[in-house]
Amino acid sequence: MTIDNSRWSLRMPRRTRRLTQLVAGLVAYGVSMALTMRATLGSTPWDVFHQGVAGRTTLSVGAVTVVVAVGVLLLWIPLRERPGIGTVTNVVVIGVTVDLALALLPAPEALWLRVGFAAAGIVLNAVATAAYIGVGLGPGPRDGLMTGLAARTGLSVRLVRTAIEVTVVLVGWSLGGVFGPVTVVYALAVGPLVQWFLPRVSVGAVSPSPSTASSRCSDPS
């Protein structure tokens, strides 16, 4: 795996804000994961898989998130994808944050509270994803897998993303992960939301085109 030195270099304007926004975005992403899980109305596609694996092992959801991220990073090697500082930070911060947030957040019983948790989780996820992408310090492990496969196969990013997410949802659901209306709403809503937030939070990097933002926003992890 070749390291993308440009994504590790911090000799550029606003580097403090970029690092701060990177970490804040990843922490917010972990909290958004916990919110949707606590709603028990369905999780994001990759989180259906994380929950399913966690339910069949002694690992926490956060630990599974980290292990899966490391495994996905290994798949970058034949794809010749290059990680950045944001990629490595992503692996650790999101996993730790989601476990902490799950320990602190209550599990609401009233339907209106569950819907509120789910809605807050989806919106926060979009804000967090835009914040993370907007600093341009390297893609998340799963995003890199998606773009790498698209580049090597010649298929569109959107098609590769769909194939990956359908696969992880089906496997996760078969293992006991929570699939539901939130999974579908997330898949439909998060792209437009990230596209709207992205130009408002981008720092020191060129904003992706709408099609790129939409295709990448499924999971910055």
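Owing to the predicted nature of the structure, the values given are computational and were not obtained by experimental measurement.

> If you had to explain a nonpolar patch on the surface to someone new, which residues and values would you point to?
Together, Val 166, Leu 170, Trp 173, Phe 179, Val 184 and Leu 188 make up an exposed nonpolar region whose accessible area comes to about 620 Å². Secondary structure elements with two or more residues in the nonpolar patch: helix H8 (157-174) and helix H9 (181-201). Per-element accounting of the nonpolar patch gives the leading share, three residues, to H8. In this structure, Leu 188 sits in helix H9. On the basis of relative accessibility, which here comes to 66%, the residue Leu 188 falls in the exposed class.

> Quick one: what's the story with the confidence of the model for the protein, residue by residue and with numbers?
Averaged over all residues, the pLDDT of the protein is 87; the fraction at 70 or higher stands at 86%. Low pLDDT, under 50, characterises residues 205-217; the predicted model gives this stretch 28 contacts beyond four residues in sequence or across chains.

> Lay out the side chain of Glu 81 in plain terms, naming residues and giving numbers.
Tracing the sequence through the fold places Glu 81 in the loop between helix H4 (61-79) and helix H5 (85-104). Side chain to side chain, Glu 81 and Thr 147 meet in a polar contact 3.3 Å long.

> Which residues make up the environment of His 50, and what values go with them?
Its place among the elements puts His 50 in helix H3 (residues 45-55). Separated by 125 residues in sequence, His 50 and Leu 175 place their C-alpha atoms 9.6 Å apart. There is a polar contact of 3.0 Å between the side chain of His 50 and the side chain of Asp 47.

> An account of the nonpolar core is requested, with residue identities and associated values reported.
If you look at the biggest cluster of nonpolar residues, it comprises 52 residues, and the most contacted ones within it are Trp 46 and Ile 164. Looking at this core, the elements that each hand over two or more residues are helix H2 (15-39), H3, H4, H5, helix H6 (111-133), helix H7 (141-153), H8 and H9. No other element matches H2, which puts nine residues into this core. Non-local contacts of Ile 164, meaning those with residues more than four positions away in its chain, are made with Trp 46, Leu 145, Met 146 and Leu 149.

> Can you lay out unusual backbone geometry for me, pointing to particular residues and giving the numbers?
Generally, phi is negative for residues other than glycine and the peptide bonds are trans, each holding for most cases. One non-glycine residue, Thr 40, lies in positive phi territory at about 50°. Positionally, Thr 40 belongs in the loop between H2 and H3. A positive phi angle, near 60°, is found at Arg 80, a position not held by glycine. The residue Arg 80 is located in the loop between H4 and H5 in this model.

> I'd like to hear about the packing of aromatic side chains, residue by residue, with values.
With the rule as written, the count across this model stands at three aromatic pairs. Summarising the aromatic geometry, the rings of Trp 46 and Phe 49 are spaced 6.2 Å apart at their centres and angled 85° between planes, so their arrangement reads as edge-to-face. On the criterion of helical spacing, the pair formed by Trp 46 and Phe 49 is a turn pair, its members being three residues apart in helix H3. Phe 49 carries the same exposure label as Trp 46, and that label is buried. Each ring, one from Trp 196 and one from Phe 197, has its centre 5.0 Å from the other, and the planes form 85°; the classification is edge-to-face. In this structure, Arg 142 packs its charged tip against the face of Trp 46, placed 5.1 Å from the ring centre. Cation over ring: Arg 200 sits above Trp 196, and NZ or CZ is 3.7 Å from the ring centre.

> Could you give me a rundown of the pattern of salt bridges, with the residues and numbers involved?
Side-chain pairs of opposite charge can arise whenever the charged atoms involved come near each other. Taken as a whole and assessed by the stated rule, the structure comprises one salt bridge. Close ionic contact of Arg 161 with Glu 165 constitutes a salt bridge, the shortest N to O distance being 3.6 Å. Taken together, the positions of Arg 161 and Glu 165, both in helix H8 and four residues apart, correspond to about one turn of that helix. A relative accessible area of 10% places Arg 161 in the buried class.

What counts as what
- Residues numbered from 1 in each chain as written.
- Predicted model: local features only at pLDDT ≥ 70, side-chain atom pairs only at ≥ 80, totals over all residues.
- Heavy atoms only, no water.
- Patch = residues over 30% accessible without salt bridge, like charges linked within 9 Å, V, L, I, M, F, W, Y side chains within 5 Å.
- Areas by Shrake-Rupley, 256 points an atom, 1.4 Å probe, with all protein chains shown as cover.
- Salt bridge = Lys/Arg side-chain N within 4 Å of Asp/Glu carboxyl O.
- Helix = DSSP H or I, 4+ residues; strand = E, 2+ residues; numbered from the N terminus.
- Buried < 20%, exposed > 50% of the residue type's maximum accessible area, 1.4 Å probe, protein only.
- pLDDT = per-residue confidence, 0-100.
- Contact = heavy atoms within 4.5 Å.
- Polar contact = N/O pair within 3.5 Å; in protein donor to acceptor, adjacent residues only side chain to side chain.
- Core = buried A, V, L, I, M, F, W, Y, C linked by side-chain atoms within 4.5 Å.
- Phe/Tyr/Trp six-rings, centres within 6.5 Å; stacked < 30°, edge-to-face > 60°.
- Lys NZ or Arg CZ within 6 Å of the ring centre and 35° of its normal.

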